[in-house]
Amino acid sequence: MSSLPQPLAETIEWRVESAPVDYPTALAEMEARAAAIFEGRASERVWLLEHPPLYTAGTSADPAELLDPRFPVHDAGRGGRYTYHGPGQRIGYLNIDLGKRGKDVRNFVHHLEGWMIDALGDMDIAARRAEGRIGIWTDDRQGREAKIGALGIRVRRWVTLHGFSINVDPDLSHFGGIVPCGLAEYPVTSIAALGKKASMTELDAALARHFPAFIGRLRRCPTGVEQCETGR
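For clarity, every value in this text was computed on a predicted model and none was experimentally measured.

Enquirer: Can you explain the overall build of the chain? Please cite residues and give values.
Expert: A count of helical and extended segments in the chain gives 4 helices and 10 strands. Its C-alpha atoms give the chain a radius of gyration of 17 Å, near enough to 17 Å, the size a compact globule of 232 residues would have. Its C-alpha atoms give the chain principal-axis dimensions of roughly 40 × 40 × 35 Å. In the chain, buried positions account for 50% of the 232 residues. Relative to all contacts within the chain whose residues are 6 or more apart in sequence, the contacts with residues 24 or more apart total 67%. Looking at the chain as shown, the accessible area adds up to about 10300 Å², and 49% of this sits on carbon and sulfur atoms. Computed over 28 positive and 30 negative side-chain charges, the inter-centroid distance for the chain is 4 Å.

Here you go:
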């Protein structure tokens, strides 16, 4: 299990689950933790886990994009459309207090994407953002642009809920029950499908390595600057 460097370990909990967690259980605990953070009763947390196979519906989900509800479908309460979660996919739920980190949601989302991209880079994956499309993208083995990571965020009283997913080695056929994130024209891929070493432990270590840089970039952006890139 990866650990955070000091002094982050003193203020942010880094929790990794060894067994799949039911979605309703995770959602309830995440909501409770966010409330406790707002009330000053708990520390911020990064929670890394896997779920049993399921689909989640964001606030913009279109019922027509639920093609085959072969797994349970849960209302997520986050932004976005339909997503799949299941074994072999690393889920990261983030309870981060933006109240003390700049109160800038766009900055948070931008650097969350950057954190995922940097971690995948350590796994020898050339990942990137795509203009006008949510998520993290790369080229698959057929040269097609494919989605390897997703993110969906909710912010309540300046504490974040939900987070991201990265496909390590899930059953990619399970994505066929939905139009993932409403983007029917793009395939989904994974670290394993790209022919790379698919290790959840190694991905967790990469996420831990790049976490201090990510959290350090969360601040209020100057007027007209949405992402607060390093050096600006």
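From this point, the discussion proceeds with the structure in view.
Enquirer: Can you explain the pattern of salt bridges? Please cite residues and give values.
Expert: Per the counting criterion, the structure on display carries 19 salt bridges. Here glutamate 44 and arginine 101 are joined by a salt bridge, their closest N and O atoms 2.8 Å apart. You can see glutamate 44 sitting in strand 2 (residues 44-49) and its partner arginine 101 sitting in the loop between strand 6 (89-95) and helix 3 (105-122), a full 57 residues away along the chain. For the residue pair glutamate 44 and arginine 101, the accessibility class agrees, reading buried in each case. Linking aspartate 140 and arginine 144 is a salt bridge whose minimum nitrogen-to-oxygen distance equals 2.7 Å. Residue classification places aspartate 140 among the buried positions, given a relative accessible area of 9%. Residue classification places arginine 144 among the partly exposed positions, given a relative accessible area of 42%. Through salt bridges with shared partners, one network takes in Arg15, Glu17, Glu29 and Arg45.

Enquirer: I'd like to hear about the pairing of strand 1 (residues 12-16), residue by residue, with values.
Expert: With 5 bridges joining them, strand 1 and strand 2 adopt parallel strand pairing. Counterpart to isoleucine 12 in the pairing with strand 2 is glutamate 44. Each parallel crossover has a hand, and the one from strand 1 via helix 2 (residues 23-38) to strand 2 is right-handed.

Enquirer: I'd like to hear about the nonpolar core, residue by residue, with values.
Expert: Within the largest apolar cluster, 37 residues are counted, with the highest numbers of intra-cluster contacts made by Trp14, Phe108, Leu112, Trp115, Phe164 and Phe211. Here this core takes 8 residues from helix 4 (residues 200-216), the largest share from any one element. Among the nonpolar cores identified, the runner-up in size contains 15 residues, and Met30, Ala76, Val159 and Leu161 belong to it.

Enquirer: Account for the sheet that holds strand 5 (residues 82-85), with residues named and values stated.
Expert: Strand pairing within a sheet occurs via backbone hydrogen bonds; the two strands may be parallel or antiparallel. Pairing is mixed in the open sheet, where 3 strands are placed in the order 4-3-5. At either end of the open sheet lies a strand with only one pairing partner, and these are strand 4 (73-75) and strand 5. The mean angle between the axes of side-by-side strands here comes to 30°, regardless of whether they run parallel or antiparallel. By the bridge criterion, 4 bridges tie strand 3 (residues 54-57) to strand 5 in an arrangement that is antiparallel. Paired with tyrosine 55 across the two strands is tyrosine 84, which belongs to strand 5.

Enquirer: An account of the sheet that holds strand 7 (residues 128-130) is needed here, citing residue identities and associated values.
Expert: Pairing within the open sheet is mixed, and its 7 strands lie in the order 1-2-6-10-9-8-7. Each of the sheet's edge strands pairs with one partner strand only, and the pair in question is strand 1 and strand 7. Averaged over all adjacent pairs, the angle separating strand axes in this sheet is 20°, with direction ignored. Contacts between helix 2 and the sheet are confined to strand 1, strand 2, strand 6, strand 9 (145-156) and strand 10 (159-167), with strand 10 contributing the most and set at about 140° to the helix. Sitting on the sheet, helix 3 is in contact with strand 1, strand 2, strand 6, strand 7, strand 8 (133-139), strand 9 and strand 10, with an inclination near 145° to strand 9.

Enquirer: Break down the packing of helix 3 against helix 4 for me, with residues and values.
Expert: Look at helix 3 against helix 4: their axes get within 8 Å of each other, and the N-to-C directions meet at 140°. Overall, the two elements helix 3 and helix 4 adopt an arrangement that is oblique. In the crossing of helix 3 with helix 4, the sense of the turn from one axis to the other is right-handed. Residues Phe108, His111, Leu112, Trp115, Asp118, Ala119 and Asp122 of helix 3 form the contact with helix 4, whose own contacting residues are Leu203, Ala206, Leu207, Arg209, His210, Phe211 and Phe214. In terms of residue class, the contact of helix 3 with helix 4 is built from 9 nonpolar, 2 polar and 3 charged.

The rules behind each value
- Residues numbered from 1 in each chain as written.
- Predicted model: local features only at pLDDT ≥ 70, side-chain atom pairs only at ≥ 80, totals over all residues.
- Heavy atoms only, no water.
- Helix = DSSP H or I, 4+ residues; strand = E, 2+ residues; numbered from the N terminus.
- Rg over C-alpha atoms; globule rule 2.2 N^0.38 Å.
- Buried < 20%, exposed > 50% of the residue type's maximum accessible area, 1.4 Å probe, protein only.
- Contact = heavy atoms within 4.5 Å.
- Areas by Shrake-Rupley, 256 points an atom, 1.4 Å probe, with all protein chains shown as cover.
- Lys, Arg positive; Asp, Glu negative; His and termini not counted.
- Charge placed at Lys NZ, Arg CZ, Asp CG, Glu CD.
- Salt bridge = Lys/Arg side-chain N within 4 Å of Asp/Glu carboxyl O.
- Pairing = 2+ DSSP bridges.
- Right-handed = clockwise from strand over helix to strand, strands pointing away.
- Core = buried A, V, L, I, M, F, W, Y, C linked by side-chain atoms within 4.5 Å.
- Axes fitted to C-alpha atoms, helices over the stretch in contact; angles between N-to-C directions.
- Parallel < 35°, antiparallel > 145°, perpendicular 65-115°, else oblique.
- Left-handed = near helix turned anticlockwise from the far one by under 90°.
- Nonpolar A, V, L, I, M, F, W, Y, C, P; charged D, E, K, R; others polar.

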